Amino acid sequence: MADIIQLLPDHVANQIAAGEVVQRPASVVKELIENAVDAGSTSIKLIIKDAGKTLVQVVDNGKGMSETDARLSFERHATSKIKAAEDLFQLHTKGFRGEALASIAAIAHVEMNTRQADEEVGVQIKIEGSTVVGQDVTVIPQGTSISVKNLFFNIPARRNFLKSDTVELRHIIDEFHRVALAHPDIHFEFYNNGSELFNLPVSNLRQRIVHIFGGKTNEKLVPVEEETEVVNLKGFICKPEFAKKTRGEQFFFVNNRFIKNSYLHHAVCAAFEGLIKEQTHPSYFLFLEVDPSGIDINIHPTKTEVKFDDEHAMYAILRSAVKHSLGQFNVAPVLDFER
Ligand code: ADP
Ligand code: MG
């Protein structure tokens, strides 16, 4: 019998990986901004056109890349962030899988311009569907600019699956909120079709929340703080009277990475029990700092899920800390309602 197994060519493997990493323009926004954060940028600009369908561009002032690294960054499993398996348990960066740029370049037209501080000129690379179509020198300030056009040009089914501009823009704004909240020490700008949506100066967390969600948010915020052996917790909850009928603003960050976790969400809701009406939802911005070896974030390529060694302890600490804050800041039930 003849052998029938063969290794897939890189561009095919990249396109398959892209299916998981890049669901919509917002995924590109997330990956590019996280790379800009990891590069030590103090200022990051997001420029999109037509809700990212025509263009997603991220410009940063981070450390930039050498010519060789710029070429290599588009290879799959090429990363500067980890070297060995044990590094997975000591992560200090957003990225580590080394597959975002390879995936994006497999399904879009990408142009990268990048320059390191000690170089006089930078390098420009153009890639279309995993194929390098141009390389040149470029004169730019220190940092990296990556623009992504014609997303899903070679996957018509994905392109057709994209929702209206309003919906896609909503997803992009959600991603932007998440990373902007995690990094109040970075200046963020965000433009859609030439008009400015956000211009967030360097600030602290409270100010960042207010800059994003509006001036009235300030009076709603109650600080939460708790230090224990397993977790350092800080952030803000919104006073019960501002609980919303819609889902509201609900943010968990673990080691400064936005995550979704319905179990921890339940812990916060439990702390609010009796203080808010049924069918309403509390808003919160909570940051959990844990020993990186006590969590696993390598569960899904998008890294929005985390597995904790001791989820039950986390639940109990969270619930009691939120309860304590609600009590300490004299948040009595102001709503007259039947339980
Ligand atoms: P990962 O972030 O998981 O390492 P990526 O495919 O997102 O994988 O990026 C590959 C590599 O390219 C990164 O490890 C980093 O060294 C480099 N890189 C990507 N974006 C930037 C950027 N904006 N500034 C500097 N280096 C970058
Ligand atoms: Mg990355």
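Residues numbered from 1 in each chain as written. Chains lettered and ligands numbered in written order. Predicted model: local features only at pLDDT ≥ 70, side-chain atom pairs only at ≥ 80, totals over all residues.

Structural notes on the environment of R319
- Inspection of the secondary structure assignment puts R319 in helix α9 (residues 311–328).
- For the pair R319 and E229, spaced 90 residues apart in sequence, the C-alpha to C-alpha distance is 16 Å.
- Ignoring any residue separated from it by four or fewer positions in sequence, one finds R319 in contact with A267, A270 and A271. (Helix = DSSP H or I, 4+ residues; strand = E, 2+ residues; numbered from the N terminus. Contact = placed C-beta atoms within 7 Å.)

Description of the sheet that holds strand β13 (residues 284–289)
- Strands sit in the order β9-β10-β13-β11-β12 across an open sheet of 5 strands; the sheet is mixed. Because the sheet does not close on itself, it has two edges, and the strands there are β9 (221–227) and β12 (257–259). Strand-to-strand twist across the sheet, computed as the mean angle between neighbouring axes with direction ignored, equals 20°.
- On top of the sheet, helix α6 (residues 165–182) reaches β11 (250–254), β12 and β13; it is set at about 55° to β11, its chief contact.
- Against the sheet, α9 makes contact with β9 and β10 (232–238), and its axis sits at roughly 135° relative to β9, the strand it touches most. (Pairing = 2+ DSSP bridges. Axes fitted to C-alpha atoms, helices over the stretch in contact; angles between N-to-C directions.)

A few points about the site of ligand 1
- Around ligand 1, 23 residues are found, and the nearest of them are N35, A39, S73, T79 and G95.
- Sorting the residues of the shell around ligand 1 by element identifies α2 (25–38) and α4 (100–106) as the ones contributing at least two each. (Near = placed C-beta within 6 Å.)

Some points on the nonpolar core
- Formed by 79 residues in total, the largest nonpolar core has its most connected members in V29, I33, I104, A105 and L318.
- For this core, the domains that each give at least three residues are domain 1 (10–200) and domain 2 (215–328). (Core = buried A, V, L, I, M, F, W, Y, C linked by C-beta atoms within 7 Å. Buried ≥ 20, exposed ≤ 12 C-beta atoms within 10 Å, placed from the backbone. Domains from an automatic or database assignment.)

What about the packing of α6 against helix α7 (residues 205–213)?
- Two elements in contact, α6 and α7, have axes separated by 9 Å at closest approach and are oriented at 155°. By the angle between their axes, α6 is roughly antiparallel relative to α7. Like other packed secondary-structure pairs, α6 and α7 cross with a definite hand, here right-handed. On α7, the residues that touch H177, A180 and L181 of α6 are R208, I209 and I212.
- For the contact of α6 with α7, the per-class residue count stands at 4 nonpolar, 1 polar and 1 charged. (Parallel < 35°, antiparallel > 145°, perpendicular 65-115°, else oblique. Left-handed = near helix turned anticlockwise from the far one by under 90°. Nonpolar A, V, L, I, M, F, W, Y, C, P; charged D, E, K, R; others polar.)

So, the domain arrangement of the chain
- Taken domain by domain, the chain holds domain 1 (10–200) and domain 2 (215–328).
- Its C-alpha centre places domain 1 at a distance of 29 Å from the equivalent point of domain 2.
- Taken together, the contact between domain 1 and domain 2 spans 11 residues of the former and 10 residues of the latter.
- Listed by contribution, the elements that provide at least two residues to the side of domain 1 that touches domain 2 are α1 (10–21) and α6.
- Per-element accounting of the side of domain 1 that touches domain 2 gives the leading share, 3 residues, to α6.
- Looking at the side of domain 1 that touches domain 2 residue by residue, the class counts come to 6 nonpolar, 1 polar and 4 charged.

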